[in-house]
Amino acid sequence: MKIEIDSFSGAKIYPGRGMLFVRGDSKIFRFSCSKSRSLFLQRKNPRRISWTVLYRRKYRKGVTEEVAKKRTKKTVKHQRAIVGASLDVIKAKRTARPEARQAARAEAIKEGKEKKKAAEAKKRAERATNPKVSKQQAKGAHQKVTATSR
């Protein structure tokens, strides 16, 4: 004995009951009563009709037992070394006092400025020894002849 299910309402259809509707594309729909067939043919949405199974599922009607919530595992944070810095170096930086951190930062900035200054001085000295030469002069082109008064 096979029990069918109503295509619209979701109700059970026992053998010898209900009616069958075959659409033009040969899809079969079963209805328990003319009420559900009529609403189906009117293209009503069963999720909006309060007595259907789909409506009751959507709005969680008649659910007696509450499903116990699944416990989620708490994520455990692990500290790992980053490329170029080991774990103990990272911990040491984290535990350093703000004053010490500021002093180290100021020292690093000062060092950077000194490096920049040295590079600039080197560049100036290099420029002073080597006069500026254009690409064409470097290739061996003739120099421009300066105009002379007549």
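Residues numbered from 1 in each chain as written. Predicted model: local features only at pLDDT ≥ 70, side-chain atom pairs only at ≥ 80, totals over all residues. Heavy atoms only, no water.

Word for word, the UniProt comment on the protein under Sequence similarities (unreviewed entry) is "Belongs to the eukaryotic ribosomal protein eL24 family." (UniProt positions renumbered as here; feature names shortened; annotations may be inferred.)

A.B. asks: Got a minute to help me understand unusual backbone geometry in this structure?
C.D. replies: Peptide bonds are trans in most cases, and residues, glycine excluded, mostly fall at negative phi. At Arg-43, a residue that is not glycine, the phi angle is positive and equals roughly 60 degrees. By the secondary structure assignment, Arg-43 is in the loop between α1 (34-41) and α2 (53-58). The residue Arg-60 is not glycine, and still its phi comes out positive at about 50 degrees. Relative to the elements of secondary structure, Arg-60 occurs in the loop between α2 and α3 (87-95). By relative accessible area, Arg-60 is classed as exposed at 70%. (Helix = DSSP H or I, 4+ residues; strand = E, 2+ residues; numbered from the N terminus. Buried < 20%, exposed > 50% of the residue type's maximum accessible area, 1.4 Å probe, protein only.)

A.B. asks: Quick question: what am I supposed to make of the domain arrangement of the protein here?
C.D. replies: One widely used convention gives an interface's size as the accessible area the parts lose upon coming together. Here the domain parsing of the protein yields domain 1 (4-59) and domain 2 (97-127). Of note, the centres of domain 1 and domain 2, computed from C-alpha atoms alone, are 81 Å apart. (Domains from an automatic or database assignment.)

A.B. asks: Whenever I open this one, the pattern of salt bridges confuses me. Can you help?
C.D. replies: Any two side chains of opposite charge can pair, on the condition that their charged atoms come close. Applying the stated rule across the entire model yields three salt bridges. Between Lys-2 and Glu-4 there is a salt bridge, with its nearest N and O atoms 3.9 Å apart. By relative accessible area, Lys-2 is classed as exposed at 61%. Take Glu-4: its relative accessible area is 22%, and that puts it in the partly exposed class. A salt bridge links Arg-23 to Asp-25; its shortest N-O distance comes to 3.2 Å. (Salt bridge = Lys/Arg side-chain N within 4 Å of Asp/Glu carboxyl O.)

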